[in-house]
Amino acid sequence: MVKFPVSHAAPPQAGPASRDLRGFLADNDDIVTRIAKPVSIDHIGALSAQSEGPIVFEHIREFPGFRLCDILVKHRWSQCRALGVDQKDYLRTLAYRLRRPPRGFVNVATGPVKEVVYKGHEVDWTQLPVPIHSAGEDDPYITAMNIVRDPETGFYNSSHAGTSPLKPRSGLMSFATPHTHVIMNKHRALGHREMPIALVFGLHPAYEIMANFSGQHMDLWGELEMVGTLLAQDVEMVPCEAIDLTVPAHAEIVVEGLVNIEKLYDYGVVVSPSGYYLPKTQRLPEVQVQAVTMRKDRPIYRNHQTCPFTDHQVLPRLCHEAMLYNRITEIGLPVFDVRFPHWGAALSCVIQVGEPPIAGGVNDALMAAMGAPWLNTKMVVAVSEDTDVNSAEDVYHAIATRVDPARDLFVVGNTRGSPYDPAAALVPGQGIFRNVGKMGIDATRKSRHDPKDFTRTWPKHWGEVDLQDYL
Ligand SMILES: [Mn+2]
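## Describing the coordination of the manganese ion
Then step 1. Taken together, Asn157 (OD1), His179 (ND1), His217 (NE2) and Glu223 (OE) make up the full set of protein donors to the manganese ion, lying 2.1 to 2.4 Å away.
Then step 2. In primary-sequence terms, the residues that donate to the manganese ion follow N-x21-H-x37-H-x5-E. Within this pair, whereas His179 is found in helix H5 (residues 178-189), its partner His217 is found in the loop between helix H6 (205-211) and helix H7 (227-231), the two being separated by 38 residues in sequence. Taken as a pair, His179 and His217 share a single burial class, namely buried.

Encoded structure:
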């Protein structure tokens, strides 16, 4: 077979075999940890956060009718399972599928999520196994995907808004992403007092990767119309019971609500992906729960434990990585990986690139990442192919040994800061938003150096002998 200097062969076209969460967990049993012993809801967070891969709690002491799962996409080796491809093909496959047209939905009359239906006074969402996420919070915190429909285009926008279920049929919702605010404003312009919303728990992780997309799309599709494109299979939708919306038929649990868009309430605190209690307070709208539907056989509640290092840092940035892969590829550099590692606290990005065809290409790649629309690229580090981007230790080693600080790093002052960055300055009159500089670090091997100086030292038979075999 001819090996082309630059290949444009399409990445794998087939998606995963499964289309729902329980199918995903069954198909990927080799990486799933199942906890059969009874666990208290108050221990779920600390236990989940010790798992690197998918974990399922089969027996929650206070909620025997439910199961709970978490940590579906913390690492590349589990993320790739969501797309049904090998780890080496994961990023370019996501980058490719995000440039494909939306597959849309198939509307069906009913589905597994309708096996049990609660309406009116039967509704009490405090009966769901919702954990409290940190030692500094008093209220349980829902992290599910939500769906709203753009009243102008009809497209289904989705995101993960943190929600506090404060009463049996109401709670407060924190919409951190801008599109839901745009859609709320369209409802206000139409004279509506409420916005229908569905909280959807327990989906195939491809839904969650897509729900966290953040970019220019509102004139073409909503995130949900793209889920079938990522899955390479049809997404079936069923009508809601009490609101004018359709929802994924193969979810585990759906909460149907109406958001009151006329009034905001002060609420705090929040656990940010940077690992601090930021912002201190927010102004949040209230959601009134209209119906809850779920599967009959012990529905699986999907939790996203928010601290310390979990899916919380990683999941919202998986589409960012794919979009940066496309942008940096356009500059002409070979791109091996793009990562917002959990140890970067959602403020730092590592790009792993090859030799630029034109001198200066690495700085352009750093600037492309630093100039991204999202507030997650305060510190961008470029590394070469021989630096392990899975390892903070290896990336730090590259910074320490491959950077001349006088010429290989640059700082840009006065840029948009993350609301979650305590080192950034609050801007008077701009609510939670902050101002901070950005830093680009070129920790790649440089052509100006002697390449032989960069030969790493390893013991004889490194990677071949395993200490475990001698214990
Ligand atoms: Mn959106």
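## As for the sheet that holds strand S3 (residues 67-70)
Then step 1. Pairing is mixed across the open sheet formed by 4 strands, whose spatial order is S1-S2-S3-S15. Each edge of the open sheet is held by one strand with a lone partner, namely strand S1 (33-35) and strand S15 (300-302). If you compare each strand with its neighbour and ignore which way they point, the axes differ by 20° on average.
Then step 2. Inspection of the sheet shows strand S2 (residues 55-57) paired to S3 by 3 bridges, in the antiparallel sense.

## Details of the environment of Ala95
Then step 1. Take Ala95: it is sitting in helix H4 (residues 90-97).
Then step 2. The spacing of Ala95 and Leu324 is 229 residues in sequence and 8.6 Å in space, taken between C-alpha atoms.
Then step 3. The contacts of Ala95, once residues within four sequence positions are left out, are Ala322, Tyr325 and Asn326.

## Looking at the packing of H4 against helix H9 (residues 318-331)
Then step 1. Two elements in contact, H4 and H9, have axes whose closest approach is 8 Å; the angle formed by their N-to-C orientations is 85°. The angle between the axes of H4 and H9 places the two elements in the roughly perpendicular class. Taken together, the residues of H9 that come into contact with H4 (itself represented by Tyr90, Leu91, Arg92, Leu94 and Ala95) are Leu318, Cys319, Glu321, Ala322, Tyr325 and Asn326.
Then step 2. Classifying every residue of the contact of H4 with H9 gives 8 nonpolar, 1 polar and 2 charged.

## Let's talk about the environment of Ile358
Then step 1. Assignment of secondary structure puts Ile358 in the loop between strand S17 (348-353) and helix H10 (361-370).
Then step 2. On the accessibility criterion, Ile358 (64% relative accessible area) is exposed.
Then step 3. A sequence separation of 100 residues divides Ile358 from Leu258, and the C-alpha atoms of the two residues are 54 Å apart.

## Focus: the packing of aromatic side chains
Describing an aromatic ring pair means giving the distance of the ring centres and the angle of the ring planes.
Then step 1. All told, the structure shown has 4 aromatic pairs when counted by the stated rule.
Then step 2. Note on Phe105 and Tyr156: the rings are 5.4 Å apart at their centroids and 75° apart in plane angle, and the pair reads as edge-to-face. Remark: Tyr156 occurs in strand S7 (residues 156-159) and Phe105 occurs in the loop between H4 and strand S4 (106-107); sequence separation between them is 51 residues.
Then step 3. Here Phe201 and Tyr301 contribute two aromatic rings whose centre-to-centre distance is 5.2 Å and whose plane-to-plane angle is 40°, an arrangement assigned as tilted. Within this pair, whereas Phe201 is found in strand S10 (residues 194-201), its partner Tyr301 is found in strand S15, the two being separated by 100 residues in sequence.
Then step 4. The buried category is assigned to Phe201, whose relative accessible area is 0%.
Then step 5. For Tyr301, a relative accessible area of 0% puts it in the buried group.

## Focus on the pattern of salt bridges
Then step 1. Counted according to the given criterion, the structure contains 34 salt bridges.
Then step 2. Of the charged contacts, one joins Arg302 and Asp311 as a salt bridge, the two residues approaching to 2.9 Å between their closest N and O atoms.
Then step 3. Of the charged contacts, one joins Lys446 and Asp442 as a salt bridge, the two residues approaching to 3.6 Å between their closest N and O atoms.
Then step 4. Looking at Lys446, the relative accessible area reads 10%, which means it is buried.

Here is what the cut-offs are and how they apply
- Residues numbered from 1 in each chain as written.
- Predicted model: local features only at pLDDT ≥ 70, side-chain atom pairs only at ≥ 80, totals over all residues.
- Heavy atoms only, no water.
- Donors = N, O, S within 2.8 Å, 3.2 Å for Na, K, Ca; no water.
- Helix = DSSP H or I, 4+ residues; strand = E, 2+ residues; numbered from the N terminus.
- Buried < 20%, exposed > 50% of the residue type's maximum accessible area, 1.4 Å probe, protein only.
- Pairing = 2+ DSSP bridges.
- Axes fitted to C-alpha atoms, helices over the stretch in contact; angles between N-to-C directions.
- Contact = heavy atoms within 4.5 Å.
- Parallel < 35°, antiparallel > 145°, perpendicular 65-115°, else oblique.
- Nonpolar A, V, L, I, M, F, W, Y, C, P; charged D, E, K, R; others polar.
- Phe/Tyr/Trp six-rings, centres within 6.5 Å; stacked < 30°, edge-to-face > 60°.
- Salt bridge = Lys/Arg side-chain N within 4 Å of Asp/Glu carboxyl O.

On their own, these measurements won't tell you what the molecule is for.
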